[in-house]
Amino acid sequence: VEGGLGDVAFSSGALQDWILLCCQLVEGGLRDKPGKSPDYYHTCYSLSGLSLCIHLAAGKGAASGPGQGVSKTDLLYNIVVM
């Protein structure tokens, strides 16, 4: 991956699928795995992972990217990059 991140040790597409298909609930919130309840901690880190995947994919020219409704976050501080 360009930008000094080196090789990524996970599948961006698979992580996006996991978060969107297995972690989110219709009632709102995100959980770490099916069968668990959503909470603020897992919602935060799931959204952070989704942001990372979407914006890494955008850097490679993939179809997913800006406009998907997930802001880019700083990898170190986990806050929205303006």
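Here, the structure is the one placed above.
Now for a description of the structure that goes with this document. Keep in mind the model is a prediction, meaning the values are calculated, not measured.

1. Examining the environment of Ile19
With respect to the helices, strands and loops of the structure, Ile19 is situated in helix H1 (residues 12–23). Accessibility expressed as a relative area gives 4% for Ile19, which makes it buried. Put simply, Ile19 and Thr43 are 24 residues apart on the chain and 9.9 Å apart in space, counted from C-alpha to C-alpha. Residues contacting Ile19, with those up to four places away along its chain left out, are Gln24, Leu30, Ser46, Gly49 and Leu50.

2. Digging into the side chain of Ser46
By the element assignment, Ser46 lies in helix H2 (residues 40–59). Of the residues examined, Ser46 reaches a relative accessible area of 4% and is grouped as buried. What Ser46 contacts, discounting residues up to four positions off in sequence, is Ile19, Leu30 and Arg31.

3. A word on the packing of aromatic side chains
Throughout the structure, instances matching the rule amount to one aromatic pair. Where Tyr41 meets Tyr45, the ring centres are 5.3 Å apart and the plane angle is 70°; that geometry is what we call edge-to-face. Here Tyr41 pairs with Tyr45, and both are found in helix H2, just four residues apart, close to one helical turn. The class for Tyr41 is exposed, based on a relative accessible area of 59%. In this structure Tyr45 comes out as partly exposed when scored by relative accessible area, which is 39%.

4. Examining unusual backbone geometry
Phi at Asn78 is positive, roughly 55°, even though this residue is not glycine. In this structure, Asn78 sits in the segment after H2. Classification of Asn78 by relative accessible area gives partly exposed; the value is 33%.

Cut-offs and rules
- One numbering rule holds for all chains: residues counted from 1, following each sequence as written.
- The predicted origin of the model limits local features to residues at a pLDDT of at least 70 and limits the giving and counting of side-chain atom pairs to 80 or more, whereas totals for whole chains, interfaces and linings rest on all residues.
- Side-chain numbers here rest on the full set of heavy atoms in the structure, without hydrogens or water.
- Helix and strand labels come from DSSP, where a helix needs a run of H or I of at least four residues and a strand needs a run of E of at least two; each type is numbered from the N terminus.
- For every residue, the accessible area obtained with a 1.4 Å probe (protein chains only) is divided by the maximum for its type, and the residue is called buried under 20%, exposed over 50%, and partly exposed between those limits.
- We call two residues in contact whenever any of their non-hydrogen atoms come within 4.5 Å of each other.
- Stacked, tilted and edge-to-face are the three classes assigned to paired rings of Phe, Tyr and Trp, where Trp is represented by its six-membered ring and a pair needs centres within 6.5 Å; plane angles under 30 degrees give stacked, over 60 edge-to-face, the rest tilted.

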